[in-house]
Amino acid sequence: MTARFKKIAIVCAGLILAFSAALLIPIAGTDTSVEENWKQTLNWVRDDFPRVRHISTDELAELLQEQTDIALLDTREPEEYEISHLKGAVLAQDVGDALDALEDRTRDELVVVYCSVGYRSSNLAAKLARQGYSNVVNVEGSIFKWANENRPIYRGNKEVSKVHPYDDEWGQLLERKFWP
């Protein structure tokens, strides 16, 4: 292989990698507004999980005011949950954790799941539905949208003002004032 051919191959590989990354990360790009990034992200979640029911943050707020006994599952990583979560939420990263958290509930009771933006929680919602849970909903926009709307977030029972941004890319959807 000639030196010139190696240079061309490296440049092409770099271009392919950059293009692939842009396709795989729906919020990438600095010329897109946060509003457009949210729209793309929410559409992506709905497209990937068409059978999952979604509720808005407004609907969740109403449910939390009306009902005191909601199964609220946070599907994020422990370090994300440690910084903050919704009041009363139980950490449940996978189906096993969720089934443990739901063992005293019937399969038709309301189960509300959330994560950072709704992808991981939609994935868990779909898995719980396959386990026979008939009333599972995902919070659209999840904790990022909830916090951006200045709704209360907690560490244990103490109200706090920070949310784990997941990473720099996804964190673009979380207002900077909420970053730890």
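Residues numbered from 1 in each chain as written. Predicted model: local features only at pLDDT ≥ 70, side-chain atom pairs only at ≥ 80, totals over all residues. Heavy atoms only, no water.

> Just checking my understanding: could you explain the confidence of the model for the protein for this structure?
Caution applies to low-pLDDT parts of the model: their predicted coordinates are not meant to be read in detail. Predicted confidence across the protein gives a mean pLDDT of 87, with 83% of residues reaching 70 or more. A low-confidence stretch, residues 4-31 stays under pLDDT 50, and its non-local contacts, those more than four residues away or across chains, total 14 contacts. (pLDDT = per-residue confidence, 0-100. Contact = heavy atoms within 4.5 Å.)

> Please explain unusual backbone geometry as it appears in this structure.
Apart from glycine, the bulk of residues carry a negative phi angle, and the bulk of peptide bonds sit in the trans form. The backbone of Ser142 sits at a positive phi, close to 45°, despite the residue not being glycine. Along the polypeptide, Ser142 turns up in helix α7 (residues 142-148). Phi at Tyr166 is positive, roughly 70°, even though this residue is not glycine. If you trace the backbone, Tyr166 turns up in the segment after β7 (158-160). Note on Tyr166: relative accessible area 39%, which makes it partly exposed. (Helix = DSSP H or I, 4+ residues; strand = E, 2+ residues; numbered from the N terminus. Buried < 20%, exposed > 50% of the residue type's maximum accessible area, 1.4 Å probe, protein only.)

> Quick question: what am I supposed to make of the nonpolar core here?
The tendency in soluble globular proteins is for nonpolar side chains to be buried as a group. Formed by 29 residues in total, the largest nonpolar core has its most connected members in Leu86, Val112 and Phe144. Of all the secondary structure elements, the ones that give two or more residues to this core are α2 (34-48), α3 (57-66), β4 (111-114), β5 (136-139) and α7. Here the element with the most residues in this core is α7; it accounts for four residues. Discounting residues that sit within four places of it in the chain, Phe144 has contacts with Trp38, Ser116, Val117, Val163, His164, Pro165, Tyr166, Trp170, Gly171, Leu173 and Leu174. Within the second largest apolar cluster, 17 residues are counted, among which are Phe49, Val111, Ala125 and Leu128. (Core = buried A, V, L, I, M, F, W, Y, C linked by side-chain atoms within 4.5 Å.)

> Can you walk me through the environment of Asp108 in this structure?
With respect to the secondary-structure elements, Asp108 resides in the loop between α5 (95-101) and β4. For Asp108, a relative accessible area of 52% puts it in the exposed group. Linking Asp108 and Val136, residues 28 residues apart in sequence, is a C-alpha distance of 8.4 Å. Apart from residues no more than four positions distant in its own chain, Asp108 is found in contact with Ser134 and Asn135.

> Got a minute to help me understand α3 in this structure?
Among all positions in α3, only Thr57, Leu60, Ala61 and Leu63 are buried. Buried residues in α3, looked at end-on, bunch into an arc of 160°, giving them a common side. For α3, the exposed residues set more than 90 degrees away from the buried face come down to Gln65 and Glu66. The inward-facing, buried residues of α3 abut β1 (53-55), β4, β5 and α7. (Arc of directions from axis to C-beta.)

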